Amino acid sequence: MSLKLIISDLDGTILETEDYHRRAYNELFKEIGLAVTWSRQDYMDRLKIMGGGKLKEVFSWLDRSEKEYSSFKQEMYQRKTRLYIDLITADLSLGNLTLRPGVERLFNEIQKENVPLAIGTACEKKAAFEVLESALGSIFLTSLKTLCGGDDTPHKKPDPAIYLLVAEQCGVAPKDCVVLEDTNHGMKAALNAGMKCVVAPSEYAMEHDFTGASLCLKDFETPHFLTLKKVNALFA
């Protein structure tokens with residue numbers, strides 16, 4: 001085994017963006033006339049629901065026929081995604097949102113040493129491209145080996161599908177991959193794929209159990225810089 005590919009998650013790993021999903025839902029509620037506001041705790045409770053469960057709950061609040069759910073889910077998902085992108089890109093442009101500590105330095109080192117870097121995220125692919133371009137620039141996007149989003153597979157983390165798909169598209173065996181993650185279900189997806197996983201918990205994942213992680217840090221700067229050398233050492 002040797003390091004041949006680094007795969008990074010997006011939300012919570014590159015940017016502290018999990019709360020932007022909550023804010024986007026709250027904006028969506030206003031638009032459709034619901035007097036509901038999810039607090040941080042409300043949203044943390046719902047993060048346990050993967051794969052569309054949140055919109056199923058929202059639909060249950062409305063006096064609508066079950067046969068309308070499919071079109072409702074598609075329409076609301078697209079609108080919520082647009083709100084999420086707009087909130088993030090606005091805050092990035094204003095300097096109210098920045099990369100998590102150590103991300104830019106680590107990515108620069110990875111690219112300087114010509115180690116392939118890819119993205120595997122539950123975020124819709126189009127949204128991921130827009131957010132990453134706003135945060136890291138178009139040159140970074142073109143340097144990626146691949147980017148797989150939540151719409152590339154119906155199976156959500158902790159299912160390993162997204163990371164196995166990234167590895168397959170890059171032509172790399174899972175055992176030669178390291179995943180950068182921020183949550184328990186993301187870590188499990190990586191481990192279930194047979195990959196190593198470095199975890200830097202995001203604000204919504206501080207209480208998660210990271211037993212089994214190859215390495216767990218506060219962030220990529222703390223308690224020490226995460227370097228490519230230290231990532232390579234996971235294979236020693």
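What counts and what doesn't
- Residues numbered from 1 in each chain as written.
- Predicted model: local features only at pLDDT ≥ 70, side-chain atom pairs only at ≥ 80, totals over all residues.
- Heavy atoms only, no water.
- Helix = DSSP H or I, 4+ residues; strand = E, 2+ residues; numbered from the N terminus.
- Rg over C-alpha atoms; globule rule 2.2 N^0.38 Å.
- Buried < 20%, exposed > 50% of the residue type's maximum accessible area, 1.4 Å probe, protein only.
- Areas by Shrake-Rupley, 256 points an atom, 1.4 Å probe, with all protein chains shown as cover.
- Lys, Arg positive; Asp, Glu negative; His and termini not counted.
- Charge placed at Lys NZ, Arg CZ, Asp CG, Glu CD.
- Phe/Tyr/Trp six-rings, centres within 6.5 Å; stacked < 30°, edge-to-face > 60°.
- Lys NZ or Arg CZ within 6 Å of the ring centre and 35° of its normal.
- Pairing = 2+ DSSP bridges.
- Right-handed = clockwise from strand over helix to strand, strands pointing away.
- Polar contact = N/O pair within 3.5 Å; in protein donor to acceptor, adjacent residues only side chain to side chain.
- Contact = heavy atoms within 4.5 Å.
- 1 Å grid on protein atoms, 1.4 Å probe; cavity = no way out; pocket = protein on both sides within 12 Å on 5 of 7 lines; lining within 4 Å.
- Points joined across faces, edges and corners; volume = space filled by probe spheres on them.
- Nonpolar A, V, L, I, M, F, W, Y, C, P; charged D, E, K, R; others polar.
- Axes fitted to C-alpha atoms, helices over the stretch in contact; angles between N-to-C directions.
- Salt bridge = Lys/Arg side-chain N within 4 Å of Asp/Glu carboxyl O.

So, the overall build of the chain
Working step 1: Within the chain one finds 10 helices and six strands.
Working step 2: Whereas a compact globule of 236 residues would reach a radius of gyration of roughly 18 Å, the chain reaches 18 Å, a difference of no more than 12%.
Working step 3: Seen through its principal axes, the chain has C-alpha atoms that stretch 60 × 35 × 35 Å.
Working step 4: Looking at the 236 residues of the chain, the share that counts as buried comes to 50%.
Working step 5: Counting only carbon and sulfur atoms, one obtains 51% of the accessible surface of the chain, whose full area is about 11100 Å².
Working step 6: Across the chain, the 29 positively charged side chains and the 34 negatively charged ones have centroids separated by 3 Å.

Some remarks on the packing of aromatic side chains
Working step 1: Per the counting criterion, the structure on display carries 11 aromatic pairs.
Working step 2: Between the aromatic rings of F59 and F72, the centroid separation amounts to 5.1 Å while the plane-to-plane angle is 55°, which identifies the pairing as tilted. Here F59, found in helix α3 (residues 53–60), pairs with F72, found in helix α4 (residues 69–94); they are 13 residues apart in sequence, far enough to count as distant. Grouping residues by exposure puts F59 and F72 together as buried.
Working step 3: Three or more aromatic residues joined by ring pairs form one cluster here, namely Y25, F29, W38, Y43, W61 and Y204.
Working step 4: For K56, the ring lying beneath its charged end belongs to Y69, and the centroid distance is 4.2 Å.
Working step 5: The ring of F235 has K196 sitting right over it, with the charged end atom 5.4 Å from the ring centre.

Topic: the pairing of strand β5 (residues 196–199)
Working step 1: Of the two faces of β5, the one lined by K196 and V198 and the one lined by C197 and V199 are each fully buried.
Working step 2: The pairing of strand β4 (residues 177–181) with β5 spans four bridges and is parallel. Directly across from V178, in β5, lies its bridge partner K196.
Working step 3: Once you follow β4 into helix α9 (residues 184–192) and on to β5, the crossover reads as right-handed.
Working step 4: Strand direction decides the pairing type here: β5 and strand β6 (residues 215–216), joined by two bridges, are parallel. Note on β6: the bridge partner recorded for V198 is L215.

Some details on the side chain of N26
Working step 1: Relative to the helices and strands, N26 is located in helix α1 (residues 18–31).
Working step 2: Of the polar contacts made by the side chain of N26, one reaches the backbone nitrogen of W38; its length is 2.7 Å.
Working step 3: Ignoring sequence-local partners within four residues, the contact set of N26 consists of V36, T37 and W38.

Quick look at empty space enclosed by the protein
Empty space left among the atoms is revealed by rolling a probe the size of a water molecule over them.
Working step 1: Applying the stated rule across the entire model yields one cavity of 30 Å³ or more.
Working step 2: In this structure, the largest cavity encloses a volume near 40 Å³.
Working step 3: Every residue along the wall of the largest cavity is listed here: T121, A122, G150, T153, H155, K156, K157 and I162.
Working step 4: Classifying every residue of the lining of the largest cavity by side-chain character gives two nonpolar, four polar and two charged.

Some remarks on α9
Working step 1: Those residues of α9 that fall on the buried side of the exposure criterion are N184, G186, M187, A189 and A190.
Working step 2: Looking at the buried side of α9, the elements it contacts are α8 (161–170), β4 and β5.

Overview of the sheet that holds β6
Working step 1: Spatially, β3-β2-β1-β4-β5-β6 is the arrangement adopted by the six strands of the open sheet, whose pairing is parallel. This sheet does not close on itself; its edge strands, each paired only once, are β3 (147–148) and β6.
Working step 2: Bridge count between strand β1 (residues 5–8) and strand β2 (residues 117–120): three bridges; the pairing is parallel. Paired with S8 across the strands is I119, a residue of β2.
Working step 3: Taken strand by strand, α9 contacts β4 and β5, and its axis lies near 160° from that of β5.

Here we look at the pattern of salt bridges
Working step 1: Following the criterion strictly, the structure yields 19 salt bridges and no others.
Working step 2: For R105, the salt bridge is made with E221, and the minimal N-O distance between the two is 2.8 Å. Within this pair, whereas R105 is found in helix α5 (residues 103–112), its partner E221 is found in the loop between β6 and α10 (228–232), the two being separated by 116 residues in sequence.
Working step 3: Between K125 and D152 there is a salt bridge, and its shortest N-O distance comes to 3.3 Å. With K125 in helix α6 (residues 125–136) and D152 in the loop between β3 and α8, this pair connects stretches of sequence that are 27 residues apart.
Working step 4: Residue classification places D152 among the partly exposed positions, given a relative accessible area of 30%.
Working step 5: Through salt bridges with shared partners, one network takes in D19, R22, R40 and E203.

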